[in-house]
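Residue-level structural notes
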Amino acid sequence: MNKALIVAKWEFIEKVKSKAFVISLFLTPLLIIFFSVAPTLLMQSENDETLVIGILDFTNEYFEQVRNDLESIKLSNGTPAYLVQSLKVEGLSKDSLLIQADSKVLSKKIEGYLFIDKSESDSLIVNFRSKSVVNFKLLSVLEKSVNDIFLINQLTKENLDVRVLSFIKNKIEINPIKIKKLGEEGESEFLTTFFSSMIFILLLMMIIIYSGQMLVRSLLEEKSNRLIEILVSSCTSNQLLVGKILGLGFLGLAQIFVWILFGIAAVGSAIVSISTFENLPIILFYFLLGYLFYTSLFVGIGSIVSTEQEAQQITSYLSIILVLPIIFLLSAMQNPDSAIVNVLTYIPFTLPSIMIMKANLLEIPITEHLIAIAIMFVSTAVVVYLSGKIFRIGILSYGKMPTLKELKSWLKE
Amino acid sequence: MLEVKNLSKYFGSIKAVNELSFRVNRGEIFGLLGPNGAGKSTTIKSILNIIKPNDGEIFFDNHPIDEKFLNNIGYLPEERGLYKKSKVIDVILYFASLKGLNSNEVISRANFWLEKLHITDLKNRKIEELSKGNQQKIQFISAVIHNPDLLILDEPFSGFDPINQQEIKNFILDFLDNGKCIILSTHQMDTAEKLCSEILLLNNGRSVLQGTLQEIKKKFGGNHIRVNFDGDENILSSFTEVISYEVYSNLIDIHLTDNISPSDFLKKLIQRVSVNHFSIIEPTLEKIFIDTIKNEKSK
């Protein structure tokens, strides 16, 4: 067997067996699913308590309707979500009624109350007074209810048919359709696209940063206990370099594979929409190109460190470069043909992320794919070549990190 | 036979190794000695093809050392370390496969060596669970498992207790019997003295002393003998071959001129007195080392 493959096999098997890898393998997708789903779930999760809501309606036009609307909402166990009571008491002045209502809120007898009154100029004043910031869901129900009654009242006042209301309320939504090829089209929704691109790009970055750190750390271990000397007295430094890149490449593939299984499970349980995986082959391809590019970079630069601090410094610098495209992501999504996006499409550092995003947004012409692939291949080859030069000397030098001048002379050697 | 010809390696303006030449015959342990920073490691790394010398050639059995020859070299670096989290057997198999052994071959050889060093029961343990001495044994196995023709040992005994040192020493001698070349780099002069047939003393990248142990001792030591005899020691003054002598409580150290061998002098001496003790005094390698390096420094 080729020695590079022996190194690759070792790197792969030893890292796959490590606890840190196994943990991250399962933890990362769980975290991503959690963070993408949790907010929605939390918003949807209803309070299973019935809330008491008061209404102080001095116009006498809204109470009945609003109460009906609110009390028709049921909790998951079938009990009504809201109990509505009128706070009006005959014989009391407006001011004392308000004081009484406010004290009910403060003593938690009611969650809050809807205050409706007419101003002197006959415009409507509607407030919801409560102790804490009002529940978003309740507010939207109240708004809808009050608005409906308001509109009906206006229509009646102007002697118009109340049925006009249904026309007014019928909104027309524009359905975005993505034209893929002539005769082939697909639905496209900004948010889904954004999130699915985002998830893939984040995954790419996490895998790269994680395995980059792992690579630098293992190089550091081999350097500090001189294992590297045994290795390079058994194979050439290029075989070692290629072996390490390949080993980590397989490691990345294994992670992606497991994560796709997670993804399929997530689709199966309808947490993630199937459209997220529509462009999977293209995305995976760019994912791999980016992974190889950055891993080669990490190997070269990682070989010059000889302490844990230096390793951390270097990996965090590289990680910042890696995460840079996120800044442009939102604007790029809004206008995937803008000049800045076009420039980033040709820079190997940002190309993979941008192409993953673009693949989700629009149909990329085959020529653009070919150019992008050519750029990645050439730049990865250049990085491997340069890394090889640095690696050969870097792995055998201890003590202080080389200066730029020294690095230059290494590259020339 | 390993042959190093005019090896030079510079790091910037520093000449780490300067026109070094030597040969190591099969069946011979070659001692590469010298103070820290003398250029031993650079020489070893050049032989291992790890670093490229600026000048010079290295041959083994008349073939230049190249990538292919790496499978035929065993190397035990001075600073030891193994993959701590990995299993003993996995580490041995990894290094062996990097030396070009196929896996069936490796397993039987690994078992052979583990048994020979009495650590078979540690086979499936993690390296970090092993004692330092046992870790060193694993490293030693990794260096010799592919039965290399050239074995380079950098401080092979450091970290071993006397019993293990003896075990490893026997091993090295066993290995030598198969006609291998061994380069031993060490600061333990007594070990070098016992094991090496040829010595090279490096200082500042240059060879300052080189040859068989006997040659070096002879060259360095002059003609010294130690005797004990019945009778008056003043008799020694009458021998023209005696340059000087020192009398201790029951021994006399004598410095002879170079034109008489110790045995010839003994013959002359027994004709005059009754000799109870006679020995040739050799300077220890340690003394030679220290004196030579001091001498170099004062130059």
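**Section: the interface of chain A and chain B**
- Facing the 22 residues of chain A at the interface are 24 residues of chain B.
- In total, about 2,300 Å² of surface goes out of reach between chain A and chain B, with carbon and sulfur atoms giving 60% of it.
- Contact with chain B buries area across many residues of chain A, yet A:Trp10, A:Ile230 and A:Ser233 alone supply 26% of it, more than any other trio.
- At the boundary of chain A and chain B, one finds 2 salt bridges.
- For the interface between chain A and chain B, the tally reads 8 residue pairs in polar contact (both at pLDDT 80 or more).
- Elements with a minimum of two residues in the side of chain A that touches chain B: helix H1 (3-17), helix H7 (190-224) and helix H8 (227-232) of chain A.
- Of the residues belonging to the side of chain A that touches chain B, the class tally is 9 nonpolar, 6 polar and 7 charged.

**Quick notes on empty space enclosed by the protein**
- What the rule picks out here adds up to 4 cavities of 30 Å³ or more.
- Contributing to the lining of the second largest cavity are A:Ile230, A:Ser233, A:Ser234, B:Gly74, B:Tyr75, B:Phe95, B:Lys99, B:Ser142 and B:Ala143.
- Elements represented by at least two residues in the lining of the second largest cavity include exactly strand E6 (73-76) and helix H4 (132-144) of chain B.
- The residue inventory of the lining of the second largest cavity, partitioned by class, reads 4 nonpolar, 4 polar and 1 charged.

**Focus: the layout of surface pockets**
- Taken as a whole, the largest pocket spans an internal volume of roughly 1,200 Å³.
- Forming the walls of the largest pocket are 37 residues, and the residues nearest its centre are A:Leu396, B:Lys9, B:Phe11, B:Ile50 and B:Ile51.
- With 4 residues, the top contributor of residues to the lining of the largest pocket is helix H1 (residues 40-47) of chain B.
- Class assignment of the residues belonging to the lining of the largest pocket gives a composition of 17 nonpolar, 9 polar and 11 charged.
- In this model, the second largest pocket occupies a volume close to 870 Å³.
- In terms of lining residues, the second largest pocket is bounded by 25 residues, among which A:Glu14, A:Lys15, A:Ser18, A:Glu221 and B:Lys85 are the most central.
- Secondary structure elements with two or more residues in the lining of the second largest pocket: H1, helix H2 (19-44) and H7 of chain A.
- A total of 9 residues in the lining of the second largest pocket trace back to one element, the largest contributor, which is H7(A).

**With respect to the confidence of the model for chain B**
- Here chain B averages 87 in pLDDT, while 100% of its residues score no lower than 70.
- Here helix H7 (residues 213-221) of chain B is the element of chain B with the lowest mean pLDDT, 78, and strand E8 (residues 181-185) of chain B is the one with the highest, 93.

**Some thoughts on helix H14 (residues 351-361) of chain A**
- Within H14(A), 11 of the 11 residues are buried, which leaves it mostly tucked inside the rest of the structure.
- When we look at burial in H14(A), the residues that qualify are A:Leu351, A:Pro352, A:Ser353, A:Ile354, A:Met355, A:Ile356, A:Met357, A:Lys358, A:Ala359, A:Asn360 and A:Leu361.

**A closer look at the packing of helix H11 (residues 308-323) of chain A against helix H12 (residues 325-334) of chain A**
Residues and elements named next belong to chain A.
- Running from N to C, H11 and H12 cross one another at 5°; their axes reach a closest spacing of 6 Å. The orientation of H11 relative to H12 falls into the category roughly parallel. Here Ile-321, Leu-322 and Val-323 of H11 come into contact with H12, specifically with Pro-325, Ile-326 and Ile-327.

**Describing the pairing of strand E11 (residues 223-230) of chain B**
Residues and elements named next belong to chain B.
- Bridge analysis of E11 against strand E13 (residues 252-256) gives 5 bridges, and the strand direction is antiparallel. Across the sheet, the residue bridging to His-224 is His-255, located in E13.
- Both E11 and strand E14 (residues 274-280) contribute to a ladder of 6 bridges, which runs antiparallel. The residue of E14 that forms the bridge with Val-227 is Phe-278.

**A closer look at the sheet that holds strand E2 (residues 14-24) of chain B**
Residues and elements named next belong to chain B.
- One open sheet accounts for 4 strands, arranged E2-E1-E4-E5; its pairing is antiparallel. A single partner strand is all that each edge strand has here, and the edge strands are E2 and strand E5 (63-64).
- Where strand E1 (residues 2-11) lies against E2, 7 bridges are found, and the strand directions are antiparallel. Pairing of Val-4 across the sheet is with Phe-22, part of E2.

**Description of the domain arrangement of chain A**
- Taken domain by domain, chain A consists of domain 1 (3-39 + 191-412) and domain 2 (51-168).
- Centre-to-centre, using C-alpha coordinates, domain 1 of chain A lies 56 Å away from domain 2 of chain A.

**A closer look at the environment of B:His63**
- The residue B:His63 is located in strand E5 in this model.
- Remark: the alpha-carbon pair of B:His63 and B:Ser238, spanning 175 residues in sequence, is separated by 59 Å.

**Focus on the sheet that holds strand E1 (residues 51-57) of chain A**
Residues and elements named next belong to chain A.
- Pairing within the open sheet is mixed, and its 4 strands lie in the order E2-E1-E3-E4. Strand pairing shows two members of the sheet lacking a second neighbour, strand E2 (82-86) and strand E4 (124-130), which therefore form its edges. Mean inter-strand twist for the sheet, computed between neighbouring axes without regard to direction, equals 20°.
- Sheet topology places E1 next to strand E3 (residues 112-118); 5 bridges connect them, and they run parallel. By the bridge assignment for E3, Leu-56 is matched with Phe-115.
- Helix H4 (residues 94-106) contacts E1, E2, E3 and E4 of the sheet and is inclined by roughly 160° relative to E3.
- Contacts from helix H5 (residues 136-157) reach E1, E2, E3 and E4, with the element oriented near 160° to E4.

Cut-offs used in this document
- Once a new chain begins, its residue numbering starts again from 1 and follows that chain's sequence as written.
- As a convention, the first chain written is A and the first ligand written is 1, with the rest following in written order.
- Local features in a predicted model are, by the rule used here, given only for residues with pLDDT of at least 70; side-chain atom pairs are given and counted only at 80 or more, and totals for whole chains, interfaces and linings are based on all residues.
- As a rule here, side-chain values cover all heavy atoms of the structure and leave hydrogens and water aside.
- Should any heavy atoms of two residues lie within 4.5 Å, those residues are considered in contact.
- Buried area, as used here, totals the accessible surface that two parts lose on assembly, with accessibility defined by a 1.4 Å probe and the loss added over both.
- For this analysis, a salt bridge means a side-chain nitrogen from Lys or Arg found within 4 Å of a carboxyl oxygen belonging to Asp or Glu.
- Any pair of nitrogen or oxygen atoms within 3.5 Å is treated as a polar contact; in protein, a donor-acceptor pairing is required on top of that, and neighbouring residues in sequence qualify only through side-chain atoms on both sides.
- Under the DSSP-based scheme used, a helix requires at least four consecutive residues in state H or I and a strand at least two consecutive residues in state E, with every element numbered from the N terminus.
- Residues were grouped as follows: Ala, Val, Leu, Ile, Met, Phe, Trp, Tyr, Cys and Pro as nonpolar; Asp, Glu, Lys and Arg as charged; and all remaining residues, including Gly, as polar.
- Buriedness for pockets is judged along seven lines, at least five of which must meet protein on both sides within 12 Å for an open set on the 1 Å grid over protein atoms alone, while cavities are sets there where a 1.4 Å probe fits but cannot get out, and lining residues have an atom within 4 Å of a point.
- Grid points are joined across faces, edges and corners, and a volume is the space filled by probe spheres set on the points.
- Each residue carries a pLDDT score, the predictor's confidence in it, ranging from 0 to 100.
- To sort residues, take the accessible area from a 1.4 Å probe on protein chains only and compare it with the maximum for the residue type: under 20% means buried, over 50% means exposed, and anything in between is partly exposed.
- Whenever a helix is involved, its axis is fitted only over the stretch in contact; in every case the axis is a line through C-alpha atoms, and angles between N-to-C directions fall within 0 to 180 degrees.
- Reported orientations rely on four angle classes, namely roughly parallel under 35 degrees, roughly antiparallel over 145, roughly perpendicular from 65 to 115, and oblique for the rest.
- Criterion used throughout: strands pair if DSSP finds at least two bridges between them.
- What counts as a domain boundary in this text is fixed by an automatic or database domain assignment.

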